[in-house]
Structure formats: structure tokens, C-alpha cells
Amino acid sequence: MKFHSYDAEHDEIILLVRERQERRSLPKYIATGEVDRLTRDDRGKLYEQVRNHPKIVADEGVCGCFSFHLINQQNLFLAIGALYVALLVFCPVVFMRHFHVMGLEFTGGSILFPVTYVLLDSISELYGIRRARQTLIYTSSLLMVLGGAWWLHVHFLAGLVHGDHSHEKVQAIELIYQELPHNFFKLGLSLLMTDMINILLFHRIRSWMNNRWFWFRSLVSTSVALTIFSVVAPIARFGAYWNDSETLNFVTNVTVAKYPLVLIYLPIGLAIVYGARFWRRHYAKY
């Protein structure tokens, strides 16, 4: 199947199938995901002709990796994006909860955090690099703003948290108030750097594979980004943590514990991507 031309008057795409011309409704062709079957060069030709189409969002990624979807297919993007933001806002709070499972040391944040990579890869796959970057930038900015606002609260309104609590409760509350600003701000900063690498690597591999093997692309880009994050985030949060044996052991153990979760959470991304494509093929309105 090859791209031949686009008929703007009838809003149809003309394909060459076994040397014969076939016409398809462009909105339906985009909505069902059939467009991903075109070669990279053909998707580039189509992009040039439909990037200003009023019903289509055409996205140009790295290395000729083009994505297309209809404007009315935004509901899933909003749902995935909202879950992505919610999990990352929750991570700094549960980061302070530590426990052991099967000899591995986890924090509440380390359990939730790998899920966000799967969600971001799903957005990259279904909606393109532009939507993925927007989601990342907005979320990172939100985390840093929350960290800054909480820091102002700690320094100027800290006395309001004391109330009539016991001394032990006051100490616990003060610890939370002192730790959270750093957790939010440093997470947002680290996330912006490492997830941008995740997005770029995901789309570069996607271009090489001509949109095939989502599971492989997600697994590779997530593992690389998680490795970089596991170096950047502890430095941002703890400084030269390798000089303190206790902190070094904590960071190492938590990092090792995250990698099995990448495999465990991968089916979530597969369910989102392939479920969305199945729905679009059989039930989408064009």
C-alpha cells in the first residue's frame, strides 16, 4: 500500500494497492489508525498536504516520525494526561513511606513512578511527540510551582500547623512540611530532563521501526530514562549522596526495585494503545 495523492475536494486519500488506485475517506483512514501502515516517506508526503486540515491533528516528530489523529479523539488523551499528572503529584507525598517486599526496598513513590513512563509512552504513540512534550512540560512546571508554593508556606505560615497536637504529631507534621517542597521541586526538575530523553528516544526508535513493536520501544525508552532519572534525581534531592553510605544504599536499593516494575506495568501501556486502536477501528465516529 502506497500513498498516491490527497483529494482535498472530496476529503479522500488515494492509495496504490497492487498497482490499482483505491480511495478512502481521509477522516476514517486517520481515525482507524490505517495511516500508520504507510511508509515513513509516504506519511511525510501526507503530512505536508493535511497538516492544516481542520479535523486532523498532524504531528511531525524526530527523524520523520509522523503522527495523525482526529481532533474529536482527545478524550482519551485528557484521561491519560490527568492520570499522569495525578500520579506525579502524589509521588512526592508517598515517597516518604518506605517498606520492603521480597527483599527489595520500595517507597510509595518508587511504586507509582514507573507507571508514569507507560502513560507518557501511550500519549507519544497515540498522539505524537508534540502532545507528549506538552504534557511533560505542564506537569513538570506544576510540580515546581507546587514545590515553590509549599516552600513559602513552610517559611511564612509554619506556625499554623502546630495547633493543639501532641509533640510527636507536631514533629511528624513539621517533617512532612519541610520535606515536601524539596520533593515536589526536585521531582519536577529531574522529570523535565529525563522524560524529555524518554520522549525523544521513543520516537527515534519508532521512526526506525516504522511504527511497529510499541512494547519494545516503550521498554527500551523507559529503561534508559529510568536509569538516567535514578542518577539525576538523587543528586538533585540529596546532593553528593555517594559520600553517605546509608543514603547510597537507600538510593541503590530503591533504583534496583524499580526495574521489575517496568515489566509489570508494561501491559498497562499495551492495553491503552491497542485498546484505543481497536475502539477506533470498530466504534470511532468520523
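The residue numbering used here restarts from 1 in each chain and proceeds along that chain's sequence as written. It should be noted that, the model being predicted, local features are given only for residues of pLDDT at least 70 and side-chain atom pairs only at 80 or more, the latter also being counted only at that level, while totals for whole chains, interfaces and linings use all residues. Values reported for side chains reflect all heavy atoms of the structure, with hydrogen atoms and water molecules removed beforehand.

Peer 1: Give me the lowdown on the packing of helix α6 (residues 214-238) against helix α7 (residues 245-283), citing residues and values where you can.
Peer 2: A packed helix pair is summarised by two numbers, namely the angle formed by the two axes and the spacing between the axes. Orientation is described by axes fitted as lines to C-alpha atoms, over the contacting stretch for helices, and by angles from 0 to 180 degrees between their N-to-C directions. Numbering of helices and strands starts at the N terminus; helices are DSSP runs of H or I of at least 4 residues and strands are runs of E of at least 2. Contact pair α6 / α7: the axes reach a minimum separation of 10 Å and the direction vectors enclose 150 degrees. Taken together, the axis directions place α6 and α7 in an arrangement best described as roughly antiparallel. At the point where α6 passes α7, the crossing takes the right-handed sense. Gly is placed with the polar residues, together with every amino acid not listed as nonpolar (Ala, Val, Leu, Ile, Met, Phe, Trp, Tyr, Cys and Pro) or charged (Asp, Glu, Lys and Arg). Of the residues belonging to the contact of α6 with α7, the class tally is 16 nonpolar, 8 polar and 1 charged. To sort the angles, those under 35 degrees are grouped as roughly parallel, those over 145 as roughly antiparallel, those from 65 to 115 as roughly perpendicular, and the leftovers as oblique. It is the rotation of the near helix from the far one that decides the hand of a crossing: anticlockwise by less than a right angle makes it left-handed, clockwise makes it right-handed.

Peer 1: Let's hear about a nonpolar patch on the surface: which residues, and what values?
Peer 2: For patch building, the residue pool is restricted to those with more than 30% relative accessible area and no salt bridge; the joining distance is 9 Å between like charges and 5 Å between nonpolar side chains (Val, Leu, Ile, Met, Phe, Trp, Tyr). Each accessible area is a Shrake-Rupley estimate made with a 1.4 Å probe; only the visible protein chains count as cover when residues are assessed. By convention in these notes, a salt bridge is any Lys or Arg side-chain nitrogen within 4 Å of a carboxyl oxygen on Asp or Glu. A cluster of nonpolar side chains, F185, L189 and M193, forms an exposed patch at the surface whose accessible area comes to about 250 Å². Its place among the elements puts F185 in helix α5 (residues 167-208).

Peer 1: Tell me about the sheet that holds strand β3 (residues 20-25), residues and numbers included.
Peer 2: Taking strand neighbours across the sheet as the criterion, the 3 strands line up as β1-β2-β3 in an open arrangement whose pairing is antiparallel. Pairing within the sheet leaves two strands with one partner each, and these edge strands are β1 (2-7) and β3. Mean inter-strand twist for the sheet, computed between neighbouring axes without regard to direction, equals 30 degrees. Pairing between strands is defined by DSSP: at least two bridges between them are needed. Pairing of β1 with strand β2 (residues 12-17), which is carried by 5 bridges, proceeds in the antiparallel orientation. For K2, the partnering residue across the bridge sits in β2 and is L16. Here, two residues are considered to be in contact whenever any of their heavy atoms come within 4.5 Å of each other. In the packing of helix α2 (residues 40-50) onto the sheet, the strands contacted are β1 and β2, and the crossing angle to β1 comes to about 10 degrees.

Peer 1: A description of the packing of aromatic side chains should follow, citing residues and the corresponding values.
Peer 2: Any pair of Phe, Tyr and Trp rings, taking the six-membered ring for Trp, is counted once the centres come within 6.5 Å. Such a pair is stacked with planes under 30 degrees apart, edge-to-face with planes over 60 apart, and tilted for the rest. Counted by the stated rule, this structure contains 8 aromatic pairs. With 5.4 Å between their ring centres and 55 degrees between their planes, F77 and Y127 make a pair best called tilted. Of the two residues, F77 sits in helix α3 (residues 75-94) while Y127 sits in helix α4 (residues 108-157), which places them 50 residues apart along the sequence. Of the residues examined, Y127 reaches a relative accessible area of 1% and is grouped as buried. The buried label applies to any residue whose accessible area, calculated with a 1.4 Å probe on protein chains only, is under 20% of its type's maximum; exposed applies above 50%, and partly exposed to all values in between.

Peer 1: I'd love a proper account of the confidence of the model for the protein, names of residues and values included.
Peer 2: A residue's pLDDT is the predictor's confidence in that residue, given on a scale from 0 to 100. Here the protein averages 81 in pLDDT, while 84% of its residues score no lower than 70. Mean pLDDT values over the elements of the protein span from 65, in strand β7 (residues 104-107), up to 89, in α3.

Peer 1: Tell me about the nonpolar core, residues and numbers included.
Peer 2: Nine residue types can take part in a nonpolar core, namely buried Ala, Val, Leu, Ile, Met, Phe, Trp, Tyr and Cys, and a core is a set of them joined through side-chain atoms within 4.5 Å. In this structure, Y84, L88, F113, L119, L187 and L191 are the most contacted members of the largest nonpolar core, which totals 37 residues. Mapped onto this core, the elements with two or more residues apiece are α3, α4, α5, α6 and α7. In terms of residue count, α4 provides more of this core than any other element does, 13 residues in total. With residues up to four places along the chain from it excluded, the contact list for L119 reads I80, L83, Y84, L87 and I272. Grouped together as the second largest cluster of nonpolar side chains are 19 residues, L46, I56, F66 and F68 included.

Peer 1: Account for the pattern of salt bridges, with residues named and values stated.
Peer 2: Here the structure, examined in full by the defined rule, presents 9 salt bridges. A salt bridge links E22 to R24; the shortest N-O distance between them is 3.0 Å. Assessed through its relative accessible area of 24%, E22 is described here as partly exposed. Taking the shortest distance from any N to any O, the salt bridge between R24 and E34 comes out at 3.1 Å.

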